[in-house]
Structures are given as structure tokens and as C-alpha cells.
Amino acid sequence: MRVYDVIEAKKNKRVLTEKEIRFFIGKVADASATDGQIAAFCMAVLLNGMTDEECFYLTDAMVKSGQVASRPATDKIFADKHSTGGVSDSTTLILVPVLASLGICCAKYSGRGLGHTGGTLDKLESFKGFRTDLTAEEFSRQVEKIGAAVSGQTQETVPADKRMYAVRDVTATIDSIPLIASSVMSKKLASFADILLLDVKYGDGAFMKTGRDADKLAKLMVSIGTAAGRKTAAAITCMDYPLGDCIGCNAEVAEAIRVLKGEKQNALSKVSFAHCAKILEMAKGINKEESERLVMQSISSGAALKKFEEIICAQGGDASPLYDASLLPMAENIFEVTAQKDGYLTVSALSLGSACAMLGGGRQREGDDIDHTVGIVLDKRQGDFVRQGERLATVFYNRKSEDAFELVRKAFTFSEKKVKNRPLIRGFVEGGERSI
């Protein structure tokens, strides 16, 4: 068997065997397959698709191409959550401490931001000293000891996926649903979580622009997780507008803290609490009403905030900002955006996320430094009626960019009729079927 033969088979729309897929991924991992061959394979998959069975074998082969975290010797339940990317999506900062305070261990591998999307690891580094590079042993030990850990994956984790993703990024094959699903799920299955909740975004600020495509991706990932023996579900959520009222690391962390203190209620808190409740239902076998009650009890009692402090301290961070918001400073320069006319607002998540990245609050290229003090704070939300001259948002910046300012202005459009927002939570996929 040759790498060439596998590429040709998929080019000719043939369903690949398990042996062929494992052979190909093995050659990707040991660098025998060239970047050109990987590109050809990815394009063939983009154009011709894969069956659910092929996707499972592809995912499993990528998992086994590297190091797999060992599960602690305990009967505790471990959970993980993954978002396909969005703007002002700080749900992990809320979900992990809530669930850990309720006895559900969170073994959470997270990533960094790129382009218009924010990264959980970048946000956690707003806490000075916070370590995001835990070894597999440190990760497992911390989850067992305090019930939660949030870290980046090691270089030894799914190396085949790292190579394939780098090639996809420059060959216009990023948007292949089978390749997205296998990439996401390989990283999730490399951990020891018993329960996986996938937050699949759709809309203006998401990779999946339509609910239909989000449904397809969600069903495929749930199928892969289920085939791997994990209890898996997916939430399909709207990303037409920013989830929270803040965009940028320090600003988003401060907002997440307010949610954990019970001081903030918005789309961010609604989605975060819904995710917590769904995982509790899956873990404990309780109904929706009871799971929601437990989540709110964790918030009102202060247990979630206390658990967040434990996580930060365990990973070497200074938890003082939990109790002193001034320790999460914003950039001194301010640019205010005001309404150009009367009307009902539409707010573009993509434009605001991109503008924040342009100002240094996100990455234009992998490896860029992030300015944690840069941010955009919204005064008005999608669907609000505004009068001409009212402030819509405040931009905090250190490095001036007229292009970014113009992008923020264009993020807000006005109409005479109230915008009908699409459902914030479109539904859930479990066992391959949607439940509304």
C-alpha cells in the first residue's frame, strides 16, 4: 500500500477501509507523507466527503498518533466541553468552576484565539502567573485533586492532526465538515472525559454560517464520540452577535467573574448555564429543572467562584482579580461609537471580533502576542432600539487603527423594523438525533 493509493481511492469517491485510513495517518505522523500528499487527500475529502465510519477511523487514528492522557484511578465522572469558536464566548470560564463545584470533574483542554475568535488559554493568562502548559501527569493529578484543570495540549497530543491542520489552513480545505469533525474530536478523545458536550456555533461570527451546516457537523461529531464509547451531545447555538457584552481578554474575564458572582445576566450567562445543566443531566441522570436548580445554587452560594479561585491558584495564577476588578485593566485610549441614526440594531460578531484582533486584542497570525488590555465593551445589543447619537460601544486601545475603528462602526446597522433574532440555542443533538 502507498500513500498515493489512498489519495487516488478517495479522489475516485471510494469509501476507505480502516486499514487504509490508519496507514495514511501513520504516514502523516511519521512525516513520510509530504505536505502535497496531505493537501491532495484533504481536497479529495472536501470534494467527495466521508461516511460516519470513515470519520471515526480517521479520528481514532489521529488520537493514536500521539500521547493519550491517562484516566485517574477513581470512580468520579469527568466531563469536557468544546466550542467551535465565537466572539465573546467565555463559557469555559463559567462552566468549569460551576460543574467542578457540583462534583463533576472537568478535564478541559483548550486552545488559543486566532482571527476573530477568542481563546480560553489567552483569557486565563489575564491572571498573572497562570500556567497553561501542564504536563499530562500534572493535568491528571490536578483534575483528581481539585476537580478541574484547563490547559493546552502537549506537542505529543494528536501530532497527525497538527500536521493536517497546518496544511488545511493554506489549501482552502478548512471548511470540510469531515475534517473539522475529526480534528475537533481527536483532541477531545485524547483526554479522559466520560462526557463530551460540543457547542457548535452557527451564524455571522461562526465557521458554520447556517443552522443546516451546524446540524451536520453536530450529528457527525456526536456519532464519532458515541462510537468511541463516550457519552456525547452537541448544543447548536447562535453566533450572529457577540455572546457577551465584552470582547477582549481582560474585559471578557471581568464579565465572566460577574456572571459567577450572579451580577450579570445576558446571552453569555444563559448559554453557559444551559451547558452546565445539560452536562449535569447527562452525568447524574436528573431532569432539566433539577439540573438548572443546582447550577443556580452553585452561583448563589459562591461555590462556583470559590472553585474558580482554586483552579487559578492550582495553576500558579494570582486570583486577586476575582475580588478586585481594577487588576484587570483596560487600555487608556478610548474610541466611542455612536448611533448614526434612529433604528433597531443589528450587531455583527464577525466585524467586532476582527476589529479587536486588528487592535492587538487577538491574533492575525499564529504566534502573535496579545494585548490583554485591548477590548470592546457594548452598551447596546442586537434588537435594541437606539436614538441617533447614543453610544453603542467603547473601544479600548493602545495601537490606533482607523481600519479597525471603521470596522467597529460598520458592525452596527440600523433598520426601521425590529430584528428578529434567531434562537440563541437552536437545539441539542444526542445519539444522532436532535432534541428541542
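Reading the values: the criteria
Residues numbered from 1 in each chain as written. Predicted model: local features only at pLDDT ≥ 70, side-chain atom pairs only at ≥ 80, totals over all residues. Heavy atoms only, no water. Pairing = 2+ DSSP bridges. Helix = DSSP H or I, 4+ residues; strand = E, 2+ residues; numbered from the N terminus. Contact = heavy atoms within 4.5 Å. Axes fitted to C-alpha atoms, helices over the stretch in contact; angles between N-to-C directions. pLDDT = per-residue confidence, 0-100. Phe/Tyr/Trp six-rings, centres within 6.5 Å; stacked < 30°, edge-to-face > 60°. Buried < 20%, exposed > 50% of the residue type's maximum accessible area, 1.4 Å probe, protein only. Lys NZ or Arg CZ within 6 Å of the ring centre and 35° of its normal. Salt bridge = Lys/Arg side-chain N within 4 Å of Asp/Glu carboxyl O.

A. Structural detail: the sheet that holds strand β11 (residues 391-397). Taking strand neighbours across the sheet as the criterion, the four strands line up as β6-β9-β11-β7 in an open arrangement whose pairing is antiparallel. Of all the strands in the sheet, just β6 (246-247) and β7 (333-338) have a single pairing partner and so form its edges. When β6 meets strand β9 (residues 375-378), the two strands line up antiparallel, connected through two bridges. Opposite C246, over in β9, you have V377 as the bridge partner. Packed onto the sheet, helix α15 (residues 349-361) meets β6, β9 and β11 and runs at close to 145 degrees relative to β9. The strands touched by helix α16 (residues 402-410) are β7, β9 and β11; relative to β7, the strand with the most contacts, the crossing angle is about 30 degrees.

B. Structural context of the confidence of the model for the protein chain. Overall, the prediction assigns the protein chain a mean pLDDT of 93, with 98% of residues at 70 or greater. Scored below 50 in pLDDT, residues 432-436 makes 15 contacts in the model with residues more than four places away or belonging to other chains.

C. Focus on the packing of aromatic side chains. Counting across every chain of the model gives nine aromatic pairs. On the numbers, 4.3 Å between centres and 10 degrees between planes, the contact of Y109 with F139 is stacked. Within this pair, whereas Y109 is found in strand β2 (residues 105-109), its partner F139 is found in helix α7 (residues 136-146), the two being separated by 30 residues in sequence. Relative to F405, the ring of F335 lies with its centre 4.2 Å away and its plane at 10 degrees, an arrangement referred to as stacked. Highlighted residues: F335 in strand β7 and F405 in helix α16, separated in sequence by 70 residues. Judged on exposure class, the residue F335 and its partner F405 are both buried. Through pairs of rings, three or more aromatic residues link up here, namely F78, Y109, F139 and F192. The cationic tip of K278 hangs over the ring face of F428; the distance from NZ or CZ to the ring centre is 4.6 Å.

D. Up close: the environment of L327. With respect to the element layout, L327 can be found in the loop between α14 (303-314) and β7. For L327, a relative accessible area of 41% translates into the label partly exposed. Each C-alpha atom of the pair L327 and A404 lies 26 Å from the other, and the pair is 77 residues apart in sequence. Here L327 is in contact with S320 and P321, once residues within four sequence places are set aside.

E. Quick peek at the pattern of salt bridges. Applying the stated criterion across every chain yields a total of 31 salt bridges. Here D60 makes a salt bridge to K64, at a shortest N to O gap of 2.9 Å. Take D60: its relative accessible area is 15%, and that puts it in the buried class. K64 sits in the exposed class, given a relative accessible area of 58%. Between D199 and K201 there is a salt bridge; the shortest N-O distance is 2.9 Å. Here D199 matches K201 in class, with each residue buried. A single network of salt bridges, built from pairs that share partners, joins E18, R22, D60 and K64.

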